[in-house]
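Structural overview
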Amino acid sequence: MIEIIAGFISNSLALLTDAGHNFGDVAGLIMVVVAEKLSKRKPNSKYTYGYGKTTVLVALANASLLLIGVGAIAWEAISRIHAPHTVEGKLISMVAFAGILVNGATALLFLRDKDSDLNIKGAYLHMASDAIVSLGVVISGILIIYTGYEWVDTAMSLVICILIVWSTYGLLKDSLRLSLDGVPDEINSEKIRQFLLNLHEVSDIHDLHIWALSTKENALTAHLVIKEKVSDQFLLNVRKELTHHFHISHTTIQLEAYDSTFICEQKC
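Presented here is a report on the structure given in the accompanying data block. (Residues numbered from 1 in each chain as written. Predicted model: local features only at pLDDT ≥ 70, side-chain atom pairs only at ≥ 80, totals over all residues. Heavy atoms only, no water.)

Concerning a nonpolar patch on the surface
Together, Val-26, Ile-30 and Val-34 give the surface a local cluster of nonpolar side chains, amounting to about 260 Å² of exposed area. Within the secondary structure, Ile-30 sits in helix H2 (residues 13–39). (Patch = residues over 30% accessible without salt bridge, like charges linked within 9 Å, V, L, I, M, F, W, Y side chains within 5 Å. Areas by Shrake-Rupley, 256 points an atom, 1.4 Å probe, with all protein chains shown as cover. Salt bridge = Lys/Arg side-chain N within 4 Å of Asp/Glu carboxyl O. Helix = DSSP H or I, 4+ residues; strand = E, 2+ residues; numbered from the N terminus.)

Topic: the pairing of strand E2 (residues 218–226)
Buried residues dominate E2, accounting for 9 of its 9 residues. The alternating pattern of E2 places Asn-218, Leu-220, Ala-222, Leu-224 and Ile-226 and Ala-219, Thr-221, His-223 and Val-225 on opposite faces, both of which are buried. Pairing of strand E1 (residues 202–212) with E2 involves 8 bridges; the strand directions are antiparallel. Residue Ile-205 lies in a different strand from E2, and its bridge partner there is Leu-224. As defined by bridge partners, E2 adjoins strand E3 (residues 250–257) across 8 bridges and the pair is classed as parallel. Note on E3: the bridge partner recorded for Val-225 is Glu-256. Between the parallel elements E2 and E3, the chain passes through helix H8 (residues 232–246) in a crossover that is right-handed. (Buried < 20%, exposed > 50% of the residue type's maximum accessible area, 1.4 Å probe, protein only. Pairing = 2+ DSSP bridges. Right-handed = clockwise from strand over helix to strand, strands pointing away.)

So, the sheet that holds E1
Read across the sheet, 3 strands follow the order E1-E2-E3 without closing on themselves; strand pairing throughout is mixed. The sheet terminates laterally at E1 and E3, the two strands that pair on one side only. Sheet twist, expressed as the mean angle between neighbouring strand axes with direction ignored, is 15 degrees. Strand contacts of helix H7 (residues 189–197): E1 and E2, with the helix running at about 150 degrees to E1, the strand carrying the most contacts. (Axes fitted to C-alpha atoms, helices over the stretch in contact; angles between N-to-C directions. Contact = heavy atoms within 4.5 Å.)

A closer look at unusual backbone geometry
Although it is not a glycine, Asp-181 adopts a positive phi angle of roughly 60 degrees. By secondary structure assignment, the location of Asp-181 is in the loop between helix H6 (151–179) and H7. Of note in this structure, His-247 is not a glycine but carries a positive phi near 60 degrees. Relative to the assigned elements, His-247 resides in the loop between H8 and E3.

See below:
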């Protein structure tokens, strides 16, 4: 809020861009907290997998909103190129420097767990990029103070827009893939296929599907064609291996005898 007020007072588009980005991140964090609480609700007759997918939808919404905001800011920046506004460099630098401290400290809170959850990774990237953006705004303020080139503010806002798009693209791509039940980025489906085919009891595999139940949990279903009768221990061992080595927390396996007429007609 302080950054927004200072942005209007100083007439700085770069500061308003940074403030808008920060506001989007705060809103995103609130959505993440709500999604995390929903994801812990137990499955029911309507949502048999529970509400874990809300964490994926939040990541997608967060990335989409940021890109929409960037588009609006870029449009305003382009309109200012031909009509520069008077900008107060000193106020810009002071407020943006405070932003570096706040965003940098917040990013450190997410550093340790950023590789374990898509939403945490998104929060870390946004806070880290916010700190870098604030540094850019500080530099633009200093340049305005010592050179009087007020167009620097507009140029910096465009640079910030590019940085936001660059930092957000990966989150948008990953969240869109997970919302379409694509294979999570950290999972190699071909390695899993080879692992299952290399099992002594298995002669073939088809209908292998891997998707995300949430940003933390992954699921797998597969039809295994077996050479001989197997025990429940075989299935237990397979599930343990998939969980330990491939981060699959929910496994459903259908067994089919090698000489059975009940093998699925459509294999994939």
